[in-house]
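Descriptive analysis of the structure
Chain residues, written in single-letter form:
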Amino acid sequence: MDFDLVITNGIIVTASEVLPSGLQIGVRDGKISCIGTNLPCGGSTQVIDAEGAYITPGGVDSHVHLAQKNAPTGDGWETGTRSAIAGGTTTIIAFASQEKEDLSLWPVLDEYIKVSKDQSYCDYGYHFILTNPTAEILHNEVPLLAKDHGITSVKLYMTYDAMKVNDREVLDILFTCKALGMTTMIHAENHDMIAKLIEGLERNKNTEPYFHAVARPRIAEDEASYRAISLAELADAPMLLVHMSSDVAVQHVRDAQGRLLPIHAETCPHYLFLLSDKLKAEPHDHFHGAKHVCSPPLRHSPDDLEGLWRSIANGTFTTFSSDHAPSKYDVPGGKRLGLVDGIPRFTRIPNGLPGIETRMPLLFGQTPACQTPEQARLSLPRFVQLTATNPAKLYGLDGRKGSILPGYDADLVIWHPGDTGSCVIKQANLHHDMDYTPFEGMPVGNWPRYTILRGQVVWDQAKGILGKLQYGQYLKRGKGEVLTGRTGNLPRGMLEDERKYWR
Ligand code: DUC
Ligand code: ZN
Ligand code: ZN
Ligand code: ZN
């Protein structure tokens, strides 16, 4: 039987190899059927000549916020996933979010499933944000989330009045997730430190967007990260610290990994490319800094960026996600969120930046595909690990997503051959429903020429979006893999004998 699609003349990159040129990918029924040479092409076979370009797995963006209630001017499913495929991402994992008063997860999940059904250009799954982990939810509902819905990861917040869980609740969730083979993601910032600083800033009328970065210093992320890791160590549970912004906190991850604890970490494009000067007023717009308010905040010094880039290269980070969590700068009706009677109030500015479409090109631009070997920040296989293979494995999609191997979905990005050099990020070219990009004017070395999802070309840079809105499928995920360290460690300072008394 003929292949449906054969891709020739590309250089395939996997999480471990840059394969020799000349290999072809044969696709049948949406799956990679084989990788070889001289693949037969029949009359019905579509042939794509990659013209010597790199071919990487379709991106898996495991941290995306779409249509969440707490972001009324945020991006929706249609526009957010359209933006994903235009930037080389073929799978996203978004969030369904419990609010404190929700005493059952089922109505919440129903609502999220309803808004995303038939509204996605890419394949997608959900994590669940837990803000009120009652015994009923932990004992009876979370197991069914995993079993019936394939939702095998939860996210917790250690900060924000409306979301935060206390240390005891973090532990309860970690023990539950450990028993179910689920992954716990955690937003680690010390809530009380931040609250104290905000109080002083407001008392002194320091409420411009820039003071958002002052209110959330590195020490708040550092302390909470260490505490989160300690709680995971006691529970002997895998954990991922999301959106890490500072090397000071990442050092705790590195230390934990050195002790073989299953502690994973994620960072995002904005923490690698942007600094807190972006939060300052501009001559033409005193509120301009609101476009760069995210939590944790952008950090102050180029040393912060360098530290994170080292952890990208040396394997400390497991995943590189967009944390696409945008809100519009200009709101219909002219009222900017965070401007109260014309006065900036940074505490009222929604936290989060757009970035689903620019994630892959920004990082690919730092590989040897676009940089000299001396200047490249990471290898091509490392790019593939961070953007596709690792998130797929960590979140229970291995066997289907994140790798270029027979049997996997034919989710592929074909880049332009050679270093295209002149590509610059412009809001006008993006496909999200946002009115700005924080990366305006930044050069990227390359852009996806084709994005392929289950064997269908869904993005062609020359023709635009070719995918169909209803093509995206819901992914029931399996149990995730521990990608760093292992479980089975004895918590620091505890004797083996002591554990039997309380477990
Ligand atoms: N946490 C996120 O995950 N995204 C945006 C803001 C936040 O606090
Ligand atoms: Zn967060
Ligand atoms: Zn510390
Ligand atoms: Zn987020």
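The rules behind each value
- Residues numbered from 1 in each chain as written.
- Chains lettered and ligands numbered in written order.
- Predicted model: local features only at pLDDT ≥ 70, side-chain atom pairs only at ≥ 80, totals over all residues.
- Heavy atoms only, no water.
- UniProt positions renumbered as here; feature names shortened; annotations may be inferred.
- Helix = DSSP H or I, 4+ residues; strand = E, 2+ residues; numbered from the N terminus.
- Contact = heavy atoms within 4.5 Å.
- Patch = residues over 30% accessible without salt bridge, like charges linked within 9 Å, V, L, I, M, F, W, Y side chains within 5 Å.
- Areas by Shrake-Rupley, 256 points an atom, 1.4 Å probe, with all protein chains shown as cover.
- Salt bridge = Lys/Arg side-chain N within 4 Å of Asp/Glu carboxyl O.
- Pairing = 2+ DSSP bridges.
- Axes fitted to C-alpha atoms, helices over the stretch in contact; angles between N-to-C directions.
- Core = buried A, V, L, I, M, F, W, Y, C linked by side-chain atoms within 4.5 Å.
- Buried < 20%, exposed > 50% of the residue type's maximum accessible area, 1.4 Å probe, protein only.
- Donors = N, O, S within 2.8 Å, 3.2 Å for Na, K, Ca; no water.
- Expected span 1.5 Å × (residues − 1).
- Bend = angle between axes of the 7 residues up to and from the residue.

As annotated in an unreviewed UniProt entry, the protein carries the name dihydropyrimidinase and comes from Baudoinia panamericana. Quoted verbatim from the Cofactor (unreviewed entry) field of the UniProt record, the comment on the protein reads "Zn(2+)". Quoted verbatim from the Catalytic activity (unreviewed entry) heading of the UniProt record, the comment on the protein is "5,6-dihydrouracil + H2O = 3-(carbamoylamino)propanoate + H(+)".

1. Focus: the side chain of Thr176
Turning to its location among the elements, Thr176 is positioned in helix 4 (residues 167–180). If sequence neighbours within four positions are ignored, Thr176 has contacts with Leu138 and Val142.

2. Section: a nonpolar patch on the surface
There is a patch of nonpolar side chains on the surface, built from Phe175, Leu234, Tyr501 and Trp502 and spanning about 420 Å² of accessible area. Assignment of secondary structure puts Leu234 in helix 7 (residues 218–235).

3. Describing the sheet that holds strand 14 (residues 319–320)
Strands sit in the order 7-8-9-10-11-12-13-14 across an open sheet of eight strands; the sheet is parallel. Strands at the two margins of the open sheet, each flanked by one partner only, are strand 7 (59–64) and strand 14. As paired strands, strand 9 (residues 123–129) and strand 10 (residues 153–157) are joined by two bridges and run parallel to one another. Its bridge partner being in strand 10, Ile129 is matched across the sheet by Lys155. This element, helix 2 (residues 106–116), spans strand 8 (89–97) and strand 9 of the sheet and lies at about 155 degrees to strand 9. Here helix 8 (residues 247–258) sits on the sheet in contact with strand 12 (239–241) and strand 13 (263–267), set at roughly 150 degrees to strand 13.

4. Remarks on the nonpolar core
Within the largest apolar cluster, 108 residues are counted, with the highest numbers of intra-cluster contacts made by Ile92, Phe128, Leu130, Leu241 and Ile263. Per-element tally for this core: the top contributor is helix 7, with seven residues. Apart from the residues lying within four places of it in its own chain, the contact partners of Ile92 are Asp61, Val64, Leu66, Trp77, Thr81, Ala84, Cys122, Asp123, Tyr124, Gly125 and Ile356. Ile7, Ile25, Val27 and Tyr450 belong to the second-largest nonpolar core, a separate cluster that totals 17 residues.

5. Considering the coordination of the zinc ion (ligand 3)
Coordination of the zinc ion (ligand 3) by the protein involves Asp222 (OD), Asp222 (OD) and His252 (NE2), with metal-donor separations of 2.0 to 2.7 Å. Taken together, the residues span a long stretch of sequence, with Asp222 in helix 7 and His252 in helix 8 at a distance of 30 residues. The buried category is assigned to Asp222, whose relative accessible area is 17%. Taking the relative accessible area as the measure of exposure, His252 reaches 22% and is therefore partly exposed.

6. Concerning the coordination of the zinc ion (ligand 4)
Coordination of the zinc ion (ligand 4) by the protein involves His63 (NE2), His65 (NE2) and Asp323 (OD), with metal-donor separations of 1.9 to 2.1 Å. Mapped onto the sequence, the residues coordinating the zinc ion (ligand 4) show the spacing H-x1-H-x257-D. In this structure, the zinc ion (ligand 4) lies 4.4 Å away from the zinc ion (ligand 2). Residue His63 is located in strand 7, and its partner Asp323 is located in the loop between strand 14 and strand 15 (339–340); the two are separated by 260 residues in the primary sequence. Here His63 and Asp323 have matching classes, each one buried.

7. Thoughts on helix 3 (residues 135–149)
Every α-helical turn comprises 3.6 residues, leaving residues that sit three or four positions apart pointing alike. Here helix 3 spans 20 Å end to end across 15 residues, near enough to the 21 Å set by a 1.5 Å rise per residue. If you look at helix 3, its biggest bend is around 40 degrees, right at Glu141, and the proline Pro143 turns up within four residues after that. Inspection of helix 3 places Ile137, Leu138, Glu141, Val142, Leu145 and Ala146 among the buried residues, and these make up the whole buried set. Of the surrounding secondary structure, the elements contacted by the buried residues of helix 3 are helix 2, strand 9 and helix 4.

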